[in-house]
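Fold and geometry: a report
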Amino acid sequence: MVPSLQGRCGVDVDVDVDVHVDVEVDAEAVIAPPLPAAVAAERLVAALRARDPQAGRAYWALRAWSRLVWQPTYASVFAVELAGGVLPLARLGWDVDVDEADVTGFAIPATGFAATTPEATAGATAGSGRAKAAAQLRTLSATLLGAVQATLPLHPKAARRQLADCVLAALLRVQPIARLADDALSDIGADWLRHLGASGESGYLVFDTAPGTSCLALDRGVCCLDDRRAGGDMCNTCPRLPRAERLRRLGALDLRNFA
């Protein structure tokens, strides 16, 4: 569904891990343990600084935030909307690839599942599942915001809008599988944002498709600032682009895909 989404059940994260410990080991023989949020954020920001030195502090901070938050967010949305469950998000760990300046996966402690009641993981109504999952995402967001802010300034509004964008993007992945009409998906998205305390922070654009119908695309609440790095560019749904230009780009992209 999303090949780069690499969640797994793992051991409990060691929140007291030392960032600076240097042990000589065979990298191919050992699977590194997942990192707690503070360590993952510090390593990711350092890697982004080294890879894209000209991009600047705002890019490094927002990029680190988005890479840390997107996988647990997608997994949480998928659990509610496709499996009728609520994924436990306490004490997560992250896998950071310093060479690629990216997060390659996340781990949920096995004890998180053991401590979760059946009522919290299955059989709940969609509304109650969204409320529980959103409450966990808000807690996770606060943790990650603090972890990034310990290294670089990041405005809470930018982080909140990035989270809202992420949730609505995940729902676009859900739509064809759940066979949801556009109106239904918009209502579900609004419900998620309400539970997140992020109503109006993101949304959907309706654009005309090549077959002559309409389709939803993300109406982003915040720019990812990718154009600040060497070789970067504004995406087709960048909020800094005029709405008419975003619709034109989306229509042209759909036409190329349809041809």
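Data block above holds the structure.
Residues numbered from 1 in each chain as written. Predicted model: local features only at pLDDT ≥ 70, side-chain atom pairs only at ≥ 80, totals over all residues. Heavy atoms only, no water.

Let's shift gears to the packing of helix α6 (residues 156–178) against helix α7 (residues 182–196). For the pair α6 and α7, interaxial distance at closest approach is 10 Å and the crossing angle is 150°. Taken together, α6 and α7 sit at an angle that is classed as roughly antiparallel. In this structure, the crossing between α6 and α7 has a hand that is right-handed. Residues Leu163, Ala164, Val167, Leu168, Leu171, Leu172 and Gln175 of α6 pack against Asp182, Leu185, Ile188, Gly189, Trp192, Leu193 and Leu196 of α7. (Axes fitted to C-alpha atoms, helices over the stretch in contact; angles between N-to-C directions. Helix = DSSP H or I, 4+ residues; strand = E, 2+ residues; numbered from the N terminus. Parallel < 35°, antiparallel > 145°, perpendicular 65-115°, else oblique. Left-handed = near helix turned anticlockwise from the far one by under 90°. Contact = heavy atoms within 4.5 Å.)

Below, the discussion takes up the nonpolar core. Counting residues in hydrophobic clusters, the biggest one holds 72 residues, and the most contacted among them are Trp65, Leu68, Tyr74, Trp94, Leu154, Leu171 and Trp192. Every element with two or more residues in this core is listed here: α1 (37–51), α2 (57–83), β2 (93–97), β3 (102–109), α5 (126–149), α6, α7 and β5 (214–219). Apart from residues no more than four positions distant in its own chain, leucine 68 is found in contact with Ala40, Ala41, Leu44, Trp94, Val103, Leu144 and Val148. (Core = buried A, V, L, I, M, F, W, Y, C linked by side-chain atoms within 4.5 Å. Buried < 20%, exposed > 50% of the residue type's maximum accessible area, 1.4 Å probe, protein only.)

Under the counting rule described, the total for this entry stands at 14 salt bridges. Residue glutamate 245 pairs with arginine 249 through a salt bridge whose shortest N-O separation is 3.0 Å. One end of the pair, glutamate 245, and the other, arginine 249, are both in helix α8 (residues 243–258), four residues apart, so they sit about a helical turn from each other. On the accessibility criterion, glutamate 245 (23% relative accessible area) is partly exposed. Here the residues in one salt-bridge network are Glu81, Arg130, Asp191 and Arg194, joined through shared partners. (Salt bridge = Lys/Arg side-chain N within 4 Å of Asp/Glu carboxyl O.)

With that out of the way, let us pick up α5. If you check α5, its first and last C-alpha atoms are 33 Å apart, about what 24 residues at 1.5 Å a residue would give, namely 34 Å. Three or more residues of α5 are buried, namely Gly129, Arg130, Ala133, Ala134, Leu137, Leu140, Ser141, Leu144, Leu145, Ala147 and Val148. Structurally, α5 contributes buried residues whose contacts are with α1, α2, β2, α6 and α7. (Expected span 1.5 Å × (residues − 1).)

Quick look at the side chain of arginine 246 now. One can find arginine 246 in helix α8. The residues contacting arginine 246, other than those within four sequence positions of it, are Leu205, Asp219, Asn236, Thr237, Cys238, Pro239 and Leu241.

This paragraph deals with the packing of aromatic side chains. Within this structure, the stated rule accounts for two aromatic pairs. With centroids separated by 5.0 Å and ring planes inclined at 90°, the aromatic side chains of tryptophan 70 and tyrosine 74 adopt a geometry described as edge-to-face. Residue tryptophan 70 and its partner tyrosine 74 are located together in helix α2, separated by four residues, close to a single helical turn. Residue tryptophan 70 shares its accessibility class with tyrosine 74, and that shared class is buried. An angle of 75° between the planes, with centres 5.7 Å apart, marks the rings of tyrosine 74 and phenylalanine 78 as edge-to-face. With tyrosine 74 and phenylalanine 78 both in helix α2 and four residues apart, the pair spans about one turn of that helix. Three or more aromatic residues link up through ring pairs in this structure, and these residues are Trp70, Tyr74 and Phe78. (Phe/Tyr/Trp six-rings, centres within 6.5 Å; stacked < 30°, edge-to-face > 60°.)

With that settled, the discussion passes to the environment of alanine 170. By secondary structure assignment, the location of alanine 170 is in helix α6. In this structure alanine 170 comes out as buried when scored by relative accessible area, which is 0%. Those residues in contact with alanine 170, other than ones at most four positions away along the chain, are Tyr74, Val77 and Phe78.

So yeah, pure geometry; function would need other evidence.
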